[in-house]
Amino acid sequence: MKQAQLSPEEQVDWALTWLKRHSSKATRDGMARYAIPSDNAYGVTVSNIRVLGKLLGRNHELAPLLWDTGVYEARMLTSFVDDPARVTPAQMDRWCRDFDNWAIVDTLCFHLFDRTPHAWQKVAQWHDQKEEFVKRAAFALLWALSVHDKLADDARFADGLRFIERAATDDRNFVKKAVNMALRAIGKRNPALNDAAVTVAGRLADSPDATERWVGKDALRELTSPSVTKRLAGHRSRKD
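Residues numbered from 1 in each chain as written. Predicted model: local features only at pLDDT ≥ 70, side-chain atom pairs only at ≥ 80, totals over all residues. Heavy atoms only, no water.

**Things to note about the overall build of the protein**
A count of helical and extended segments in the protein gives 14 helices and 0 strands. Taken from N to C terminus, the helices and strands of the protein fall in the order α-α-α-α-α-α-α-α-α-α-α-α-α-α. The C-alpha atoms of the protein give a radius of gyration of 19 Å, which matches the 18 Å a tight globule of 240 residues would have. Along the first, second and third principal axes, the C-alpha atoms of the protein reach 60 × 40 × 30 Å. Out of the 240 residues in the protein, the part that is buried amounts to 51%. (Helix = DSSP H or I, 4+ residues; strand = E, 2+ residues; numbered from the N terminus. Rg over C-alpha atoms; globule rule 2.2 N^0.38 Å. Buried < 20%, exposed > 50% of the residue type's maximum accessible area, 1.4 Å probe, protein only.)

Structure representation (structure tokens):
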């Protein structure tokens, strides 16, 4: 039976069956090495999840049903199935409250949330939340926007740098790594933002707080590296 002939509920059953057929114990067992819970997972590679996403196509009605299964791979699949133009702020908040691992956070932020009209609003809303994975989502989303939002002006990222500096004392592993990656990504966007990010990273690197120092020093290594400096110099020459 063709996918178009199935109801959303039937498509969920079909998708779960497909995922089970493409699962492996080795993949499921390997999740622990990357700090990904596997209690409600089949063990399917991301590449296969992407294949299934292409088979299903964009379907806003299907995505919440997949999410509500609670199955790790089905939730990952929503990143490639939901229609970002139809995702609502309430839906983003609801799913964000369900986040329980970094892989779900990053996949949703890099392949769905950053393409919605509400992405910047959610960075501002989530960056100072207490929950570890909600806060990670803010900085994973900022990181994703720095790569994918080609039309955003520098002022948005200047706000992001302020959020980064406020959050840089959070020593929780999945928060501080996202804060660090967002700082590095903003600093690679263009020469002006590199200057601003290097200034922030320098302040953090000189901090008496150990987490701030780690975030700052690690970012400085990349942002002042020859490869980044050379690439941004080319950007400056094109502007001239």
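**A word on the layout of surface pockets**
There is about 310 Å³ of room inside the largest pocket. Along the walls of the largest pocket sit 18 residues, with Ile36, Val44, Val46, Tyr72 and Met76 positioned nearest its centre. Elements with a contribution of two residues or more to the lining of the largest pocket: helix H2 (25-30), helix H3 (46-56), helix H5 (72-81) and helix H7 (102-111). No other element matches H7, which puts 5 residues into the lining of the largest pocket. Looking at the lining of the largest pocket, its residues break down into 10 nonpolar, 5 polar and 3 charged. By volume, the second largest pocket amounts to about 150 Å³. (1 Å grid on protein atoms, 1.4 Å probe; cavity = no way out; pocket = protein on both sides within 12 Å on 5 of 7 lines; lining within 4 Å. Points joined across faces, edges and corners; volume = space filled by probe spheres on them. Nonpolar A, V, L, I, M, F, W, Y, C, P; charged D, E, K, R; others polar.)

**Let's talk about the packing of helix H9 (residues 132-148) against helix H11 (residues 173-187)**
It is the contact of H9 with H11, at a shortest axis distance of 8 Å, that shows an interaxial angle of 15 degrees. Viewed along their axes, H9 and H11 adopt a mutual orientation that is roughly parallel. Seen along the crossing, H9 lies across H11 with a hand that is left-handed. From H9, Glu132, Phe133, Lys135, Arg136, Phe139, Ala140, Leu142, Trp143 and Ser146 reach across to H11, where they touch Asn173, Phe174, Val175, Lys177, Ala178, Val179, Met181, Ala182, Ala185 and Ile186. Here the residues of the contact of H9 with H11 are counted per class, giving 13 nonpolar, 2 polar and 4 charged. (Axes fitted to C-alpha atoms, helices over the stretch in contact; angles between N-to-C directions. Parallel < 35°, antiparallel > 145°, perpendicular 65-115°, else oblique. Left-handed = near helix turned anticlockwise from the far one by under 90°. Contact = heavy atoms within 4.5 Å.)

**A look at the nonpolar core**
Ranked by size, the top nonpolar core spans 75 residues in total, and within it Phe99, Phe113, Trp126, Phe139, Leu142, Ile164 and Leu183 carry the most contacts. Excluding its chain neighbours within four sequence positions, the residues that come into contact with Leu183 are Leu161, Ile164, Ala197, Val200, Ala201, Leu204, Val215, Ala219 and Leu223. (Core = buried A, V, L, I, M, F, W, Y, C linked by side-chain atoms within 4.5 Å.)

**A closer look at the pattern of salt bridges**
Evaluated as defined, the whole model comprises 14 salt bridges. Here Arg86 and Glu61 are joined by a salt bridge, their closest N and O atoms 2.8 Å apart. With Arg86 in the loop between H5 and helix H6 (89-98) and Glu61 in the loop between H3 and helix H4 (62-68), this pair connects stretches of sequence that are 25 residues apart. According to the relative accessible area criterion, Arg86 is partly exposed, its value standing at 42%. Arg115 serves as the salt-bridge partner of Asp114, at 2.9 Å between the closest nitrogen and oxygen. The partly exposed category is assigned to Arg115, whose relative accessible area is 42%. One network of salt bridges, in which partners are shared, links Arg184, Lys188, Asp218, Arg221 and Glu222. (Salt bridge = Lys/Arg side-chain N within 4 Å of Asp/Glu carboxyl O.)

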